[in-house]
Amino acid sequence: MSDGAVWGEGDGPSPTPSERAAVESAIEAIRAADRVIAHAQAARQMALASASQVAWAQHERQVAAGGSSRAWAHRAIAEEIAAATHTPGRSVERQMNDATNLVSRFPVVRDRLAEGTVSLPHARTIVLCGDRIDDDETRSVFEVRVLERLDRVPMTAGALAEVARKVAQELDPVSISDRHKAARRRRRVGFRPGEDAMGAFDAEVANVLGVGMMDRIDQMAKTVLAARAAARRAGDPAALADDRTLDEIRADIFTDLTLTGIPTGHDHLYGATFPEPSNSADAKDKDTDAGLGATSNCAGGTADAKAGDVGLGATGATADAGAGAGSAPCTGSGSGAVSAFGPAPKPVGLGAIRGSVHITIPATALADPTNRTEGATLAGAGPIPIIDAKEIAADATIWNRAFTDANTGVLLTVDQRFPTMAQRRFLKARDERCRFPGCRQAIRKHYVDIDHTHPHSRGGPTNVANLEYLCETHHMLEQMTEWTVTQGPGGVLEWTSPNGRVYTDTPPPVARFTPPDNEPPPF
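Computed from a predicted structure; not experimentally measured.

Asker: For the nonpolar core, give the residues involved together with the corresponding values.
Answerer: In this structure, Val109, Ile126, Phe142 and Val146 are the most contacted members of the largest nonpolar core, which totals 25 residues. Breaking this core down by element, the ones donating at least two residues are helix H1 (17-64), helix H4 (107-115), helix H5 (120-130), helix H6 (136-152) and helix H7 (157-171). Residue contributions to this core peak at seven residues, all from H7. Once residues lying within four places of it in the same chain are set aside, the contact partners of Phe142 are Phe106, Ile126, Cys129, Gly130, Ile133, Ala164, Val167, Ala168 and Leu171. Of all hydrophobic cores here, the second largest spans 15 residues; its members include Cys434, Ile443, Leu467 and Trp495.

Asker: Before we move on, can you summarise the confidence of the model for the chain with the specific residues and values?
Answerer: Confidence along the chain averages 74 in pLDDT terms, with 69% of residues attaining 70 or more. Per-residue pLDDT stays below 50 along residues 267-342; that stretch engages in 247 contacts with residues further than four places along the chain or on separate chains.

Asker: Can you explain the pattern of salt bridges? Please cite residues and give values.
Answerer: On inspection of all chains with the given rule, the structure shows 27 salt bridges. Between Glu482 and Arg20 there is a salt bridge, with the nearest N and O atoms lying 3.2 Å from each other. Note that Glu482 is positioned in the loop between helix H16 (472-480) and strand S15 (484-487) and Arg20 in helix H1, a separation of 462 residues in sequence. A relative accessible area of 27% means that Arg20 is categorised as partly exposed. With a shortest N-O distance of 3.2 Å, Arg433 and Asp505 are connected by a salt bridge. With Arg433 in the loop between helix H15 (419-431) and strand S13 (448-452) and Asp505 in strand S17 (residues 502-505), the pair connects residues that are 72 residues apart, well separated along the chain. Comparing Arg433 with Asp505 shows no difference in burial state: the two are buried.

Asker: Describe helix H11 (residues 246-259), and please don't skip the residues or the numbers.
Answerer: Here H11 is 14 residues long and its end C-alpha atoms lie 20 Å apart, about the 20 Å a rise of 1.5 Å per residue gives. Within the span of H11, buried status applies to Ile249, Arg250, Asp252, Ile253 and Asp256. Looking straight down H11, one finds its buried side chains confined to an arc of 165°; they lie on one side. Of the exposed residues in H11, the ones pointing more than 90 degrees away from its buried face are Asp247 and Leu259. The inward-facing, buried residues of H11 abut helix H9 (207-233). Where H11 ends, the next residue or the one after it, Gly261, has phi of about 75°, a positive value.

Rules and cut-offs
- Residues numbered from 1 in each chain as written.
- Predicted model: local features only at pLDDT ≥ 70, side-chain atom pairs only at ≥ 80, totals over all residues.
- Heavy atoms only, no water.
- Core = buried A, V, L, I, M, F, W, Y, C linked by side-chain atoms within 4.5 Å.
- Buried < 20%, exposed > 50% of the residue type's maximum accessible area, 1.4 Å probe, protein only.
- Helix = DSSP H or I, 4+ residues; strand = E, 2+ residues; numbered from the N terminus.
- Contact = heavy atoms within 4.5 Å.
- pLDDT = per-residue confidence, 0-100.
- Salt bridge = Lys/Arg side-chain N within 4 Å of Asp/Glu carboxyl O.
- Expected span 1.5 Å × (residues − 1).
- Arc of directions from axis to C-beta.

What follows is the structure, given as structure tokens:
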């Protein structure tokens, strides 16, 4: 990628030749050890599956002889393995079941694990995502497709999960809408008392709601931190005494919202105030109208605002759209909602902050809701039912088409109606996450930065071919160490480590767009 832009500040300590050699030796030793570990884990999985097979053979004889139908043989063998390995019996039972599933239903993954070319976390991710596919032939196709993607673009187990979920969705005869409808019956909230008078909440909710909820809490907590910093600069003694971390503030806001419905973040400790977000056109041009809700369809041009409950508990919207076969989708944002009993009171302060989600919708999925292979994708979480995405899209008031490469699905361009916002929408739709290899931090404006690949201070242009999203940690890593990055065509980044190793990061191909033969390219 010699034609790309290269940058590396090198402000951090520069490794000596001997240090580079030591790190290189360590990396090779770790990779060799990982291959040995993967081979050993494959042997362990085979042994567990073999023990499970013996247990079920004993169980079948027991039932045929008129004995108990409970799986006592399985439990007995599991407890013996547990005693020999100093492991809890219930844990061994689960391991036996998981190993049987891997060995018997995913033979290609099993063999790759034995070769040491796939780690156990990667193998378990593939099994988890493909387990719902009952047909053996279809499941075999799923294995091959996912492993091909992994071979072509090395990734973490977390990144692989997104890919595997999408492949499973394409092959599964049951649509995600039907599966989500059944899965919604699992939604729940629980609390576990813990030690030292502290406990933990856990909840199971729809992904689109969970992402929006967490985003809203994060935004509120960041706002409290900013207000506290301002109060400290003014010498406020209460602010100076407030030493809460970001996580502690998140927990305080969660408590406020649950018990009183009024988020304060305990701002009364130092008299902090939070400005009410503006609804002016200028404010929207600065990307301040955050909310859980809108994305787009391909109706063309602009759409009238639709104030109302979108069915997902949302009060507003921002999101970006992907591409669909045969036509171009649009991106949009909007806000506004009413309750069943009339207009809701206008929130102020922290309460005016709304959660934000980023959704990609192929145009064909909007035009044909029966299209199972092209559904909506929630950034950082995977597929969601198209009906939910369409409900969220009801609030969109700004629309921008997004065009993608016909083969790779990589975003090429969006309509340039508002240059600054268009660039942001372009990068959000293209990148979806921090673009450092292996990082899965989804794009949220208070967590990630738009970075110039070649610094603007050194003549780097402000265009999408010289911009990428980076989380705060990797943005600082790029600035303070000798990591360098090159951006090539299609937003493909090549990162070079201080030791000279090169790692490629490709934009997530979340959409597919095939232009008609008679339609000119969008650039």
